[in-house]
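# Report on the structure
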Amino acid sequence: MTNGVIHWFRYASPQSFYPLAGRMIPWFATLAALLTAAGLWIGFFVAPTDAQQGESYRIIFVHVPASWMSMFLYVVMAGWAGLGLAFNTRLSAMMAHAIAPTGAMFAFLSLWTGALWGRPTWGTYWVWDARLTSELVLLFLYLGYMALHAAIDDPRRGDRAAAVLALVGVINVPIIYFSVQWWNTLHQGASVSLTRAPSMAATMLTGMLVMALAFWMYSIAAALARVRAIMLEREAHMQWTHELPEAAK
Amino acid sequence: MNWASTSDFFAMGGYGFYVWGSFLVTAACIAGEVVFLRARRSAALRTVRAEKVRHETAA
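Computed from a prediction, not measured in an experiment: that's the story for all the values here.

### Some details on the overall build of chain A
If you tally the helices and strands in chain A, you get 8 helices and 0 strands. Beginning at the N terminus, the succession of helices and strands in chain A can be written as α-α-α-α-α-α-α-α. Across its three principal axes, chain A shows a C-alpha extent of roughly 60 × 40 × 35 Å. The contacts of chain A with a sequence gap of at least 6 include a subset with a gap of at least 24, amounting to 74%. Approximately 11900 Å² of chain A is accessible, and the part contributed by carbon and sulfur atoms is 69%.

Here is the structure:
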């Protein structure tokens, strides 16, 4: 640190990012726990019963945050993968791999909670409409990314192949987002938009946003924990991992 | 307060299966991921220690 400028590239190598990530995890995990507690309290005890859907609408407090995270994490994953492809940095590809399983989990949860919400609201767990189908495609993109990387023996070649898949798949994210406008679907339109007032009660919206923030913090903590494990796995032959205090004994 | 009693809370106005099915599966997935991450870290550290021993004996 000189002249008050943070040298971000210093953290671009696994060996200097590893301890930094380790120090950040407890903070993000604690924030995630506190926000989850607050979000669940608002969601179950403060937010009123919905006039049309009764209590079934409370699924929104996991469904919308999980769906947002599944899309957002995909874009972040593809961004890291693209950086790795462009600059061939070790850390970028590792970050992309660290995000994929958490993103896949949120895509699955989006579909699962959506099915459980669809049954009482629409009378069906599943329908092949644009929103649901494109979200299912997102889950398959995550799984395809992980499977492709796992199928290639040389990790650096695997990184590049998987990065291309991730980048091509980005096209699916705006398709999911705008599907409710572009096609006639069973799924309702966006509840929250930057251009107009939200179409829901203030406490419902607050609960949803707090839960979204909680999932966000959780995702960062999980991705950092996973990238640390990936660094150890991939660089187990390197001197810096041998010098770690946790590698003693 | 939305709920008259604990059983009222768990019933979720008749939608208990759907609401709790959503929240419990989400909680289980997150708990599962945390367990997997811990296990992955321990396994990775075992690999590092084995590599370290290999290096030291080779040197």
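### Some thoughts on the interface of chain B and chain A
Chain B puts 31 residues into the contact, and the matching count from chain A is 45 residues. The junction of chain B with chain A conceals about 3400 Å² of combined surface from both sides, 69% of it contributed by carbon and sulfur atoms. On the surface where chain B and chain A come into contact, there are 3 salt bridges. As a salt-bridge pair, Glu246(A) and Arg41(B) come within 3.1 Å of each other at their nearest N and O atoms. Put simply, chain B and chain A have 14 residue pairs in polar contact (both at pLDDT 80 or more) between them. A total of 24 residues in the side of chain B that touches chain A trace back to one element, the largest contributor, which is helix α2 (residues 16–58) of chain B.

### Overview of the packing of helix α1 (residues 14–46) of chain A against helix α7 (residues 202–234) of chain A
Residues and elements named next belong to chain A. Relative orientation of the contacting elements α1 and α7 amounts to 155 degrees, with a least axis distance of 7 Å. The pairing of α1 with α7 is recorded here as roughly antiparallel in orientation. Considering only the axes of α1 and α7, their crossing is left-handed. A per-class count over the contact of α1 with α7 returns 29 nonpolar, 6 polar and 1 charged.

### Details of helix α6 (residues 172–182) of chain A
Residues and elements named next belong to chain A. Restricting attention to buried positions, one finds in α6 the residues Asn172, Val173, Ile176, Ser179 and Val180. Each buried residue of α6 lies within a common arc of 140 degrees when the element is viewed along its axis, so the set occupies one face. Looking at the buried positions of α6, the neighbouring elements they touch are α2 (60–87), α4 (130–151) and α5 (155–169).

### Points about the pattern of salt bridges
What the rule picks out here adds up to 8 salt bridges over all chains. In this structure, the salt-bridge partner of Arg226(A) is Glu33(B), at a minimum N-O distance of 2.6 Å. Remark: Glu33(B) occurs in helix α2 and Arg226(A) occurs in helix α7; the pair is interchain, linking two chains. For the pair shown, Arg226(A) and Glu33(B) are each scored as buried. When salt bridges that share partners are traced, they join Arg228(A), Glu246(A) and Arg41(B) into one network.

### Here we look at the nonpolar core
Core analysis: the biggest nonpolar cluster contains 85 residues, and Phe17(A), Tyr74(A), Met77(A) and Phe106(A) have the highest contact counts within it. The set of elements that each furnish at least two residues to this core consists of α1, α2, α3 (90–122), α4, α5, α6 and α7 of chain A together with α2 of chain B. If one sorts the elements of this core by residue count, α7(A) sits on top with 17 residues. Those residues within four positions of Tyr74(A) in sequence are excluded, and the remaining contacts are Leu138(A), Leu141(A), Tyr142(A), Leu165(A), Ala166(A), Gly169(A), Val170(A) and Val173(A).

Rules behind the numbers
- Residues numbered from 1 in each chain as written.
- Chains lettered and ligands numbered in written order.
- Predicted model: local features only at pLDDT ≥ 70, side-chain atom pairs only at ≥ 80, totals over all residues.
- Heavy atoms only, no water.
- Helix = DSSP H or I, 4+ residues; strand = E, 2+ residues; numbered from the N terminus.
- Contact = heavy atoms within 4.5 Å.
- Areas by Shrake-Rupley, 256 points an atom, 1.4 Å probe, with all protein chains shown as cover.
- Buried area = accessible area lost by both parts, 1.4 Å probe.
- Salt bridge = Lys/Arg side-chain N within 4 Å of Asp/Glu carboxyl O.
- Polar contact = N/O pair within 3.5 Å; in protein donor to acceptor, adjacent residues only side chain to side chain.
- Axes fitted to C-alpha atoms, helices over the stretch in contact; angles between N-to-C directions.
- Parallel < 35°, antiparallel > 145°, perpendicular 65-115°, else oblique.
- Left-handed = near helix turned anticlockwise from the far one by under 90°.
- Nonpolar A, V, L, I, M, F, W, Y, C, P; charged D, E, K, R; others polar.
- Buried < 20%, exposed > 50% of the residue type's maximum accessible area, 1.4 Å probe, protein only.
- Arc of directions from axis to C-beta.
- Core = buried A, V, L, I, M, F, W, Y, C linked by side-chain atoms within 4.5 Å.

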